[in-house]
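# Summary of structural features
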There are 2 protein chains.
Amino acid sequence: MNETAKTKFNNIKKITDEHLDKYIEIKYPQKIYEAMRYSLLAGGKRLRPVMAIETALLFGAKQEEILPCACAIEMLHCQSLIHDDLPCMDNDDFRRGKPSNHKVFGEAVATLAGDALLSYAPKIIIDKTPKSVKSDIILRVLNEFFIAAGVDGIISGQIVDIESEKKKISKETLEYLYEYKTAKLFKLAMRSGAIIAGVKEDILQKLTLFAEYFGYAFQIYDDILDVTSTIEQLGKTPGKDEKNEKSTYVSMFGLQEAKQQTLFLCNKAYDILKQEQIKSEILKGIVSDIIMGIDKCY
Amino acid sequence: MNETAKTKFNNIKKITDEHLDKYIEIKYPQKIYEAMRYSLLAGGKRLRPVMAIETALLFGAKQEEILPCACAIEMLHCQSLIHDDLPCMDNDDFRRGKPSNHKVFGEAVATLAGDALLSYAPKIIIDKTPKSVKSDIILRVLNEFFIAAGVDGIISGQIVDIESEKKKISKETLEYLYEYKTAKLFKLAMRSGAIIAGVKEDILQKLTLFAEYFGYAFQIYDDILDVTSTIEQLGKTPGKDEKNEKSTYVSMFGLQEAKQQTLFLCNKAYDILKQEQIKSEILKGIVSDIIMGIDKCY
């Protein structure tokens, strides 16, 4: 992304980081708060909260109205990573360049830290969203949150992912995986921002579609990185998909086809911004980052 | 409890069971719904939802107004049992007389089934509570739900429980455990019912206190059963506390003192019903069941 976009992105990221830190104070019993904070403040890109905040601001909401929700979405994302990394799931020892939660706190505490984040997040939305946002809107946002968090979202994505290991899967199943494991959280981010800003249904649909294209592109790019990166570049263990015998766009259609499909999806995302005259350096920037990123993968 | 109470209790239990069944339909991916339903419909006593419904009805709410919330509380209870039974936690192979969730579906699916219930429950409250209950009230109930579900509730109870294994603990820590592991869910049940019925703050406080006394009594009774029952009577593995070197009221103060303390707490709970002139066969009955139960423990 260009320098203007980068500055804007980093400003929002900084405010998100400050609030994530502020929202979880350590109390008794310390261990659970430490475990939650360990993964949450381990330095993620904060892509989802930034997308939520940027969308809300674009359509006229105030920053303080979307911040609690944006942080809640990052907590949900973090919860899913902690549980996905568990030995009984993907069994990954590294995340964001650091030992994963269960390597530091043990499996029991890591499981509970995930559970805790899953309750903490909606409570932050209820407690911290300012009174200027009506109860009906908060309930709509919570509804979106639980769609993404549960069986209509990342949980079913993870289940199908587990069931697809060591198996040949169809293109439809792969698309289901990308939709549920990845795109649903991006949709949640943009939809929450849009709902809090009070956008009309047709714009909401377009923003949802942007999040879908972006989510698919993001996931294929992630698969590409898994086969082309080192652990230092990735911050987590590379070659994981092949080791776990997971089907990805790359393993099913090859690296070149995966890169082309990513480009195609990124252009579809661009088109929506153009058609809807959404002038956002950040939304344009996160798409262009993927385009520039895959160019370096070989 | 007497026959009138038993009939009333069983009527409410039956409606709860029907709705728990109805609320979770099996869709793709089947496995996750099957895992959720397996534990949820394994035949619990439904004490918490019955308490929620009875409280709501006592103070003038309609049954359909509290039913979604009551079922959500049972889902939360079920989630905590599934995760508590995991090998990395209490490692229990039996629950409600059947193999525990991870013994049937594996650890990965059991972890996800718990996560799924934790999102499904509040979504049921949002989706199924009738329009006669205002958004503000629903938000208050959700707030109570997340207090009980998270670090201000059962999660911190479980963390302190884990930290207390193989250690001498103080009476204060034991009380913290009983409060957070057990009483918080009973408080949630009665408070939700009361909030949906729109009771005043002073009555809400009294009902909360009833739930607290009842919760403590219930947990000590549970500890007593753990040392005096067979697996057939208990439906889960007995002698677990001793095996896991867990401190309980029984291990710290002996069986007789535990029985006396339970009686004392039950009488405190009775007193509240009397003082507040709460004429509920069911609430009286669940307390008397504990009193009659401990009489048979030796």
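Data block above holds the structure.
The sections below set out a description of the structure shown in this document. As the structure is a computational prediction, the values presented were derived from the model and not from experiment. (Residues numbered from 1 in each chain as written. Chains lettered and ligands numbered in written order. Predicted model: local features only at pLDDT ≥ 70, side-chain atom pairs only at ≥ 80, totals over all residues. Heavy atoms only, no water.)

### Some points on the pattern of salt bridges
The condition that has to hold: The working definition used for a salt bridge is a side-chain nitrogen of Lys or Arg within 4 Å of a carboxyl oxygen of Asp or Glu.
Applying the stated criterion across every chain yields a total of 36 salt bridges over all chains. Each of Lys13(A), Asp17(A), Arg46(A), Glu74(A) and Arg96(A) takes part in a single network of salt bridges with overlapping partners.

### Thoughts on the relation of the copies chain A and chain B
Heads up, the condition is: The copies were overlaid by least squares, fitting only the C-alpha atoms of residues that reach a pLDDT of 70 or more in each copy.
Mapping chain A onto chain B calls for a rotation angle of 180° and an axial translation of 0.0 Å; the resulting RMSD is 0.0 Å. Viewed as a symmetry operation, the transformation between the two copies matches a two-fold axis. Residues of chain A ranked by C-alpha distance from the rotation axis are headed by Ser135(A), positioned 2.9 Å from it.

### Here we look at the packing of helix α7 (residues 135-149) of chain A against helix α6 (residues 107-128) of chain B
Keep this limit in mind: Helix axes are fitted only over the stretch in contact, all axes being lines through C-alpha atoms; the angle between N-to-C directions runs from 0 to 180 degrees. Put simply, DSSP marks the helices as runs of H or I at least four residues long and the strands as runs of E at least two long, and each gets a number from the N terminus on. Left-handed describes a crossing whose near helix is turned anticlockwise from the far helix by less than a right angle; the clockwise case is right-handed. Note on contacts: a residue pair is in contact if any heavy atoms of the two residues lie within 4.5 Å.
Interaxial distance between α7(A) and α6(B) falls to 9 Å at its minimum, and their mutual angle equals 145°. Considering only the axes of α7(A) and α6(B), their crossing is left-handed. Facing Leu139(A), Leu142(A), Asn143(A), Phe146(A), Ile147(A) and Ala149(A) of α7(A), the residues of α6(B) in contact are Ser119(B), Pro122(B), Lys123(B), Ile126(B) and Asp127(B).

### Notes on the packing of aromatic side chains
For clarity, the threshold we go by: Each Phe, Tyr or Trp ring (for Trp, its six-membered ring) is paired with any other whose centre lies within 6.5 Å, and the angle between the two planes then decides the class: stacked below 30 degrees, edge-to-face above 60, tilted in between. The rule is simple: take the accessible area with a 1.4 Å probe, protein chains only, and divide by the maximum for that residue type; under 20% is buried, over 50% is exposed, in between is partly exposed. In our convention, an over-ring charge means Lys NZ or Arg CZ found within 6 Å of a ring centre and within 35 degrees of that ring's normal.
One pass over the full model with this rule turns up 21 aromatic pairs over all chains. Taking the centre distance of 5.0 Å and the plane angle of 70° together, the rings of Phe186(A) and Phe218(A) count as edge-to-face. With Phe186(A) in helix α9 (residues 171-197) and Phe218(A) in helix α10 (residues 201-228), the pair connects residues that are 32 residues apart, well separated along the chain. On the basis of relative accessible area, Phe218(A) is assigned to the buried category, the value being 14%. Between Tyr176(B) and Tyr180(B) the ring centres are 4.0 Å apart and the planes differ by 15°, which places this aromatic pair in the stacked class. Within this pair, Tyr176(B) and its partner Tyr180(B) are both found in helix α9 (residues 171-197), separated by four residues, close to a single helical turn. Aromatic ring contacts, followed pair by pair, group Phe145(A), Phe146(A), Phe145(B) and Phe146(B) into a single cluster. Over the ring of Phe253(B) we find Lys171(B); its NZ or CZ atom is 6.0 Å from the centre of that ring.

### So, the interface of chain A and chain B
Frequently, the measure chosen for interface size is the accessible area that the parts lose on association. For clarity, the cut-off: Summed over both partners, the accessible area lost on bringing two parts together, with a 1.4 Å probe, is the buried area. Nitrogen and oxygen atoms within 3.5 Å of one another constitute a polar contact, given that in protein one can donate a hydrogen and the other can accept it, and given that sequence-neighbouring residues count only through two side-chain atoms.
With 47 residues of chain A at the interface, the matching set in chain B holds 47 residues. Taken together, the two surfaces of chain A and chain B that pack against each other cover about 3900 Å², and 73% of this comes from carbon and sulfur. Linking chain A with chain B are two salt bridges, by the criterion used here. Between Lys27(B) and Asp152(A) there is a salt bridge whose closest N-O contact spans 3.5 Å. Where chain A meets chain B, there are 10 residue pairs in polar contact (both at pLDDT 80 or more).

### Re the packing of helix α7 (residues 135-149) of chain B against α9(B)
When two helices pack together, you describe them by how their axes are tilted relative to each other and by the distance separating the axes. Residues and elements named next belong to chain B. To be explicit about the condition: Any angle that falls under 35 degrees is termed roughly parallel, while one over 145 is termed roughly antiparallel, one within 65 to 115 roughly perpendicular, and all others oblique. Throughout, the ten residues Ala, Val, Leu, Ile, Met, Phe, Trp, Tyr, Cys and Pro are labelled nonpolar, Asp, Glu, Lys and Arg are labelled charged, and all others, Gly among them, are labelled polar.
One way to put it is that α7 packs onto α9 with a least axis distance of 9 Å and a crossing angle of 175°. It follows that α7 is roughly antiparallel to α9 by the angle criterion. When α7 is examined against α9, the residues Ile 137, Arg 140, Val 141, Glu 144, Phe 145, Ile 147 and Ala 148 are found in contact with a partner set consisting of Lys 184, Leu 185, Leu 188, Arg 191, Ser 192, Ile 195 and Ile 196. Looking at the contact of α7 with α9 residue by residue, the class counts come to nine nonpolar, one polar and four charged.

### Remarks on the side chain of Ser39(B)
Relative to the helices and strands, Ser39(B) is located in helix α2 (residues 30-40). The contact partners of Ser39(B), leaving out residues within four places of it in the chain, are Cys78(B), Ile82(B), Arg96(B) and Asn101(B).

### Structural notes on the environment of Gly157(B)
Residue and element names in this part refer to chain B. Summarising the element assignment, Gly 157 is placed in helix α8 (residues 154-164). Between the alpha carbons of Gly 157 and Leu 174 there is a distance of 9.9 Å; along the sequence they are 17 residues apart. Setting aside its immediate chain neighbours within four residues, Gly 157 contacts Leu 177, Tyr 180 and Lys 181.

### Concerning the environment of Lys187(B)
All names here are of chain B. Checked against the element boundaries, Lys 187 lands in helix α9. Lys 187 sits in the buried class, given a relative accessible area of 12%. A C-alpha to C-alpha distance of 6.6 Å links Lys 187 and Glu 212, two positions 25 residues apart in sequence. Among the polar contacts listed, one links the side chain of Lys 187 to the side chain of Glu 212, at a separation of 2.6 Å.

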